[in-house]
Amino acid sequence: MAKTIQSINISSNQLVNLEDTEFENEFVVYSSDQIEARYVMSTSLMQRITRLKKKIGKAIMLSFKNNKLYFAVYHPYGFLRLNESKNLITSNALELLYEDIVKAIGIVEDLNLNTKIWKNVSTTKSV
């Protein structure tokens, strides 16, 4: 699917081809700056992102913009949101909310985002 999306790029950003074939089979990277994209998308980060996708078991999307990471994953009721059809007293809805919090913390640890290693990035990088 990633290769198909690569072929229909409609933004002004350029396709960035990276050296990790497993990552390239799962993700598409666009950037306005090829060099900076390669700096941000290190081999170790690509491997961590690929492992995280396998761990989550769902499609994920990431975007780097203005020194921030934006992360999206499909979640049937929304992330950190209770299923409105479940009774809070008789269901496990609060346990599921707790699991969402643990998963969010895990994403930071899995991607090693708690370590400041990147310079100030002012352009957009989408994965």
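Residues numbered from 1 in each chain as written. Predicted model: local features only at pLDDT ≥ 70, side-chain atom pairs only at ≥ 80, totals over all residues. Heavy atoms only, no water.

(A) Region of the structure containing the overall build of the protein chain. Looking only at helices and strands, the protein chain has five helices and five strands in total. Counting from the amino terminus, helix and strand elements in the protein chain follow one another as α-β-α-β-α-α-β-β-α-β. The buried share among the 127 residues of the protein chain stands at 29%. Here the protein chain displays about 8,400 Å² of accessible surface, and carbon together with sulfur accounts for 57% of that area. (Helix = DSSP H or I, 4+ residues; strand = E, 2+ residues; numbered from the N terminus. Buried < 20%, exposed > 50% of the residue type's maximum accessible area, 1.4 Å probe, protein only. Areas by Shrake-Rupley, 256 points an atom, 1.4 Å probe, with all protein chains shown as cover.)

(B) The arrangement of the nonpolar core in detail. Formed by 17 residues in total, the largest nonpolar core has its most connected members in Leu-18, Phe-23, Met-41 and Ile-49. Secondary-structure elements contributing two or more residues to this core are α3 (34-40), α4 (43-56) and β3 (60-65). It is α4 that contributes the most residues to this core, four residues altogether. Contacts of Ile-49, omitting those with residues within four sequence positions, involve Phe-23, Phe-27, Met-41, Ile-60, Leu-62 and Leu-111. (Core = buried A, V, L, I, M, F, W, Y, C linked by side-chain atoms within 4.5 Å. Contact = heavy atoms within 4.5 Å.)

(C) Layout of helix α5 (residues 93-110). Along its 18 residues, α5 runs 25 Å from first to last C-alpha, staying within 8% of the 26 Å computed at 1.5 Å per residue. Listing the buried residues of α5 in full gives Ala-93, Asp-100, Gly-106 and Ile-107. The arc that holds every buried residue of α5, seen down its axis, measures 125 degrees, which confines them to one face. Along α5, exposed side chains directed more than 90 degrees from the buried face belong to Glu-95, Tyr-98 and Glu-109. (Expected span 1.5 Å × (residues − 1). Arc of directions from axis to C-beta.)

(D) The side chain of Glu-24, seen in detail. Position of Glu-24 among the secondary structure elements: in helix α2 (residues 21-26). Within the structure, the side chain of Glu-24 is placed 3.1 Å from the backbone nitrogen of Leu-18, a separation counted as a polar contact. (Polar contact = N/O pair within 3.5 Å; in protein donor to acceptor, adjacent residues only side chain to side chain.)

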